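Close look at the chain arrangement
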Amino acid sequence: MPIRDELYRVHVLFENELPIEIDAQREKARSLLGNIYLGIVEKVAPGIHAAFVRIDKNLTCYLPLDSKCPTLQTGEELLVQISREAQKTKLPTVTTELSLSGTFLVLHTGKQKTAYSSRLTETEKTRLEKIANTWLNSNSGTPSENSFGMIFRTSSKEAQKEDLEKEYLTLHQQLTELLRYGKMRTPGTCLYQAEKAVPDMMKRYGTEISEYLTDIDEEYCSCEKYLCEHPFTQCNLIRYQDPMIPLYKQQSFDKLLRESQCEKVELPSGGFLVIQPTEAFVSVDVNSGKQLSGKNAKKFYYEVNLEAAREIARQIRLRGLSGLILIDFINMEDPLQEKLLLSQLQSYVRADPVPTRVIDMTVMHIAEVTRQKKKKSLSEQIGGTEDAAWRE
C-alpha cells in the first residue's frame, strides 16, 4: 500500500477481529533485523565497552563488548547478526551470538543449554526436554553432540516429535555451515537474510493462524510452499484478487495506520488514553472522561483502569513501543485494587512475543513497564507523525 507516495509492504495480525500487531516495511528498504553478515571491525572503543563493525560500505553497526570478545582488534573479521534495528540517531546493534529461528525452535551459538517459552506449561517443558535429550544422545542420524543452545518456542506446544526433529536438523545444519564457511566470504557479505518472501508473522504464528490473506503473488506462492512443508499448520491461505478494491482499502488498513499514530485512544466506557512517546520514555495517561464521586466513582475508576490496562497492552504491541513505558492510571485509594490492576496488566502483556515486564507502581502511583527494543516502532517504520495531513 502507498504511504506518503512510497510503496510499503504491510502485515497486520488480527486476534478476535482486533488488530494486535502491524509491520510496515518500505519496498525499497526492507528490514535488516536478523540478517547475518561477515563484518570487519572499524574501531574498538574500550571506554564504552563497544566496537564499531562495518557490514556494508555504507553501514556501520554498534557491537557491545563483553568477556566473549576481550582481544578484539581493528580490522578483524567477525560473523555478526543484527539484533536491533537503527532507532532515531542510534546505529543498528549487532551481536556475535548467532541464532536461527524456525517455527518451533531457535538455535543459537550462546550458552549450550535448553530454554523454553514462558507460555509453555511444565508438562510441555518436560515432554520437550525428553525429546531434546533423544537428539543429543542418539547415534542414529541425529547429531550426537550439540554445540548450540536451543529455545523451544510457544508453537512447539503439542508439536509432533517428527516435526520437531526435522526442524532441529535443518537449523543445526544451516548454523553449522554458517560458522564453517562464513569467514571464507568477502567482508560485507550478507550470509543469511532473515526477511524472505515468507513473512515473519507466518513463521512466528504459523500454528496459530487460522487464515492468511495476501494480495502479493510472491508471498502467496512462498506461503503455499511453506504450508506444504509444514502440514501441521492448519491455515487457510487465500489469494486476494479484486481488481476494483485494493486489499488495504478493503481491510481499511489506511485508516488503521492513521489511528495508530493518534495520541488519543477512546475506551468503550467513555474514558480515553493519551499516548505520547518521548526521547526518554513513553507516557500513557488514563482519563475517565467523567466526573464522579462516592462509592460509584471508586468502582467506575477501577473498571476504567482495568479496561485501560487491556487496551494499553494492545496499543504497546500494535505501535511497537519499547523501552520505558510510564502509565498514569486513574488514582485509586484502595491498595488491593492497585495490586489487582498491576496483576491484570502483567497477564495482558504476557501475550506479547517481545519480552515485556510490569515492574511496579511508584510512590506517585505511576506504573512502570519495560519492553525490549528489537525493531523500529510503527511510527519510525512509516516515517513518523510529522505529517498532520496524512494523519487526518
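These notes cover the structure that comes with them. (Residues numbered from 1 in each chain as written. Predicted model: local features only at pLDDT ≥ 70, side-chain atom pairs only at ≥ 80, totals over all residues. Heavy atoms only, no water.)

A separate point is empty space enclosed by the protein. Counted according to the given criterion, the structure contains 1 cavity of 30 Å³ or more. Estimates place the volume of the largest cavity at around 30 Å³. Phe-329, Ile-330, Asn-331, Met-332, Glu-338, Met-361 and His-365 together form the lining of the largest cavity. Class assignment for the residues of the lining of the largest cavity results in 4 nonpolar, 2 polar and 1 charged. (1 Å grid on protein atoms, 1.4 Å probe; cavity = no way out; pocket = protein on both sides within 12 Å on 5 of 7 lines; lining within 4 Å. Points joined across faces, edges and corners; volume = space filled by probe spheres on them. Nonpolar A, V, L, I, M, F, W, Y, C, P; charged D, E, K, R; others polar.)

What follows covers the side chain of Glu-219. Along the chain, the position of Glu-219 falls in helix 4 (residues 217–229). Take Glu-219: its relative accessible area is 2%, and that puts it in the buried class. Reaching out from Glu-219, the side chain makes a polar contact with the side chain of Arg-9 at a distance of 3.5 Å. (Helix = DSSP H or I, 4+ residues; strand = E, 2+ residues; numbered from the N terminus. Buried < 20%, exposed > 50% of the residue type's maximum accessible area, 1.4 Å probe, protein only. Polar contact = N/O pair within 3.5 Å; in protein donor to acceptor, adjacent residues only side chain to side chain.)

Take the layout of surface pockets next. Considered as a void within the structure, the second largest pocket measures approximately 1300 Å³ in volume. Sorting the residues of the lining of the second largest pocket by element identifies strand 2 (6–15), strand 3 (18–26), helix 3 (200–205), strand 14 (211–214), helix 5 (247–250), helix 7 (295–319) and helix 8 (335–349) as the ones contributing at least two each. For the lining of the second largest pocket, the leading source of residues is strand 2, giving 9 residues. Grouping the amino acids of the lining of the second largest pocket by side-chain chemistry returns 25 nonpolar, 6 polar and 15 charged.

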